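Residues per chain are reported as follows:
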Amino acid sequence: MFSCVAPPMLASTANSDTVVVHWVAVYDGPESREDRCTGMVLAPDGSAYLAGYSFGAATDFDFAVLKVDTTGRIVWVNRYGSPIGCEDRPWCLCRDSSGDIVAAGGSIADMAVLWDFRIIKYRPTGETVWTRLLDFPTHAEDKIAGAGILSDNSIVVAGSSRYRPDHSFGPAAGSQSRADWDVTIARYSSQGETLWTRRFDGKAHGDDLTAGLALDRTGNCYVAGQTTTAGGTEVLLLKYNPSGQLLWRRTLCGNVPGSSIGQGVIVDSASRAWVFGACYNQGRSFDFLVACFDSSGRQLAYLALDAAARVDICQAACLDRAGNLYATGQSTGRGTSFDVLTVKVSPAGETLWTRRFHGTGADRGWCIGLDQFDRVVVGATSDGPAGQPNMMLLCYGPDGELAWTFSYAGGGAGEARPVAIERGGENELLVAGSACRPGTDFDIVLLRLAPGGGR
């Protein structure tokens, strides 16, 4: 079921800006059950492509990729369910230079093995170009965490795959051990041919997990995640060249080996890699982590922010046109449960400002983007009057001043969460996510907003 609604203008709660909601596009799958958004990319004409997973009665969860035009109309929906009628979930969405769309995620194609990589390519008009299933040689679980497009429209996907402790191969490997994950990465041609696959097994031969992927302008691939060490886990960053050669590896941890977490990586115009997540520091639990490496792997900056001697985790980051990094996530306050923590870091690694947002309950930052004026917009959840997490947007100016806030609730007995924020037309934002709505469970939603008073 498709719908597009135009709510009334909603005022912000900070300063003089007002947020106008032009429309909210809603996709409710055929069973009116759980439909969750996982990604968004924009076309040059301002229309949006969304990816998510949607429940089907005969097929369980399906890949659902859809196009929404600039008026909020859902133009087409393409659903994919694997032949055995089990789960298929996309986690990443990309657009190549020809306008084709690539969704990457997982399929349960064999109940004895569980997840494999699934990559599907679509035309801008919604037709499927090709679909590929990648099962690494140990014939065990494989889970995608990131995808990207190179300049020749080839596709890079990265994730994690299970391996036996003795790293032997063959059908028996997957059934005898499910304890050891390795980082895996693959490159496909634009026609869907497998060009190469690689795996990385850390020194401790324990779990090595992928959390994110970023590509630079020359086709180098940066994979972020975490690796097991003798004392716990450390944040992991790997750099591969376009041919799949591992150029270097770097790890980060706190003041003691613990459970440090890599959440993702982005690359700036100077091919510096910014990795983010959380590092474990004794006496302070997790600290909000941002670190920067140059193209040769030399560490340029390291920020481990302890906001209130409790749990602080960086969830998402973006870069402005001047090369400043904005990062957001969650921070446990003193007596305030979780707060949204947002940080601005200069290209040199200097912390320019930090901001906390506390509503009436638990508040968490999930995604982040920029508006037309290089103001940062944080996509968060914040507990509403009924105790359910509502979608919350927080806009900060370059100096850290809170310009406006905006809240959206689906109205059902569950959360509304943003997953992606993009600039729309002039002084407009597109916000994609999921919302629990009465009678339809979770639906995929896309909001088109116009914050007033842009400066």
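Refer to the structure above for everything that follows.
The numbers attached to residues start from 1 for each chain and follow its sequence in the written order. Given that the model is predicted, a residue must reach a pLDDT of at least 70 before its local features are reported, and side-chain atom pairs must reach 80 or more before they are shown or counted; all residues, however, enter totals for whole chains, interfaces and linings. To get the side-chain values, all heavy atoms of the structure are used, and hydrogens and water are removed first.

(A) Spatial organisation of the sheet that holds strand β25 (residues 325-332). A pair of strands counts as paired when DSSP detects no fewer than two bridges linking them. The secondary structure listing takes helices from DSSP runs of H or I that are at least 4 residues long and strands from runs of E that are at least 2 residues long, numbered from the N terminus. Pairing in this open sheet of four strands is antiparallel, and the strands run β24-β25-β26-β27 from one edge to the other. The outermost strands of the open sheet, each flanked by one partner alone, are β24 (312-319) and β27 (351-357). Going from strand to strand, the sheet's axes swing by 20° on average, the running direction of each strand aside. Looking at chain direction, strand β26 (residues 338-345) and β27 are connected through six bridges and run antiparallel. When the bridges of β27 are listed, valine 340 appears paired with phenylalanine 357. Lines fitted to C-alpha atoms define the axes, with helix axes restricted to the stretch in contact, and inter-axis angles between N-to-C directions lie between 0 and 180 degrees.

(B) Seen up close, the packing of aromatic side chains. Side-chain rings of Phe, Tyr and Trp, where Trp is taken by its six-membered ring, are said to pair if the distance between their centres is within 6.5 Å; with planes under 30 degrees apart they count as stacked, over 60 as edge-to-face, and otherwise as tilted. For the structure shown, the criterion picks out eleven aromatic pairs. Look at tryptophan 248 and phenylalanine 293: their rings are 6.3 Å apart centre to centre, the planes differ by 35°, and that puts the pair in the tilted class. Here phenylalanine 293 lies in strand β22 (residues 285-293) and tryptophan 248 lies in strand β19 (residues 246-252), a separation of 45 residues in the sequence. Per residue, the accessibility class of tryptophan 248 equals that of phenylalanine 293, and both read buried. Three or more aromatic residues joined by ring pairs form one cluster here, namely Tyr53, Phe55, Phe61 and Trp91. Its end group placed over the ring of phenylalanine 55, arginine 33 keeps NZ or CZ at 4.0 Å from the ring centre. Relative accessibility under 20% of the residue-type maximum defines a buried residue, over 50% an exposed one, and the middle range a partly exposed one, all with a 1.4 Å probe and only protein chains included. Only when the NZ atom of a Lys or the CZ atom of an Arg is both within 6 Å of the ring centre and within 35 degrees of the ring normal do we say a charge sits over the ring.

(C) Molecular detail of the pattern of salt bridges. A carboxyl oxygen of Asp or Glu within 4 Å of a side-chain nitrogen of Lys or Arg is what we treat as a salt bridge. Tallied over the entire structure, the rule returns 20 salt bridges. Between arginine 356 and aspartate 339 there is a salt bridge, and its shortest N-O distance comes to 2.8 Å. Here arginine 356, found in strand β27, pairs with aspartate 339, found in strand β26; they are 17 residues apart in sequence, far enough to count as distant. Notably, a salt bridge pairs aspartate 374 with arginine 423, separated by 3.0 Å at the nearest N-O pair. Remark: arginine 423 occurs in strand β32 (residues 416-423) and aspartate 374 occurs in the loop between β28 (363-370) and β29 (376-383); sequence separation between them is 49 residues.

(D) How the structure looks around the pairing of β22. Of all nine residues in β22, eight are buried, a share of seventy percent or more. Relative to β22, strand β21 (residues 273-281) runs antiparallel, the two being bridged by nine bridges. Residue pairing across strands places valine 275 opposite alanine 291, the latter belonging to β22. In this structure, β22 lies alongside strand β23 (residues 299-305), joined through six bridges in antiparallel fashion. Across the sheet, cysteine 292 pairs through a bridge with alanine 301, a residue of β23. The antiparallel pairing of β22 with β23 creates a hairpin that spans five residues between the two strands, and glycine 297 there sits at a positive phi of about 95°.

(E) Highlighting the pairing of β19. Summarising the sheet, strand β18 (residues 232-240) and β19 pair through six bridges and their orientation is antiparallel. Residue tyrosine 240 lies in a different strand from β19, and its bridge partner there is leucine 246. Between the end of β18 and the start of β19, which pair antiparallel, lie five residues, with glycine 244 showing a positive phi angle near 90°.

Take it as geometry only, folks, not as evidence of what the structure does.
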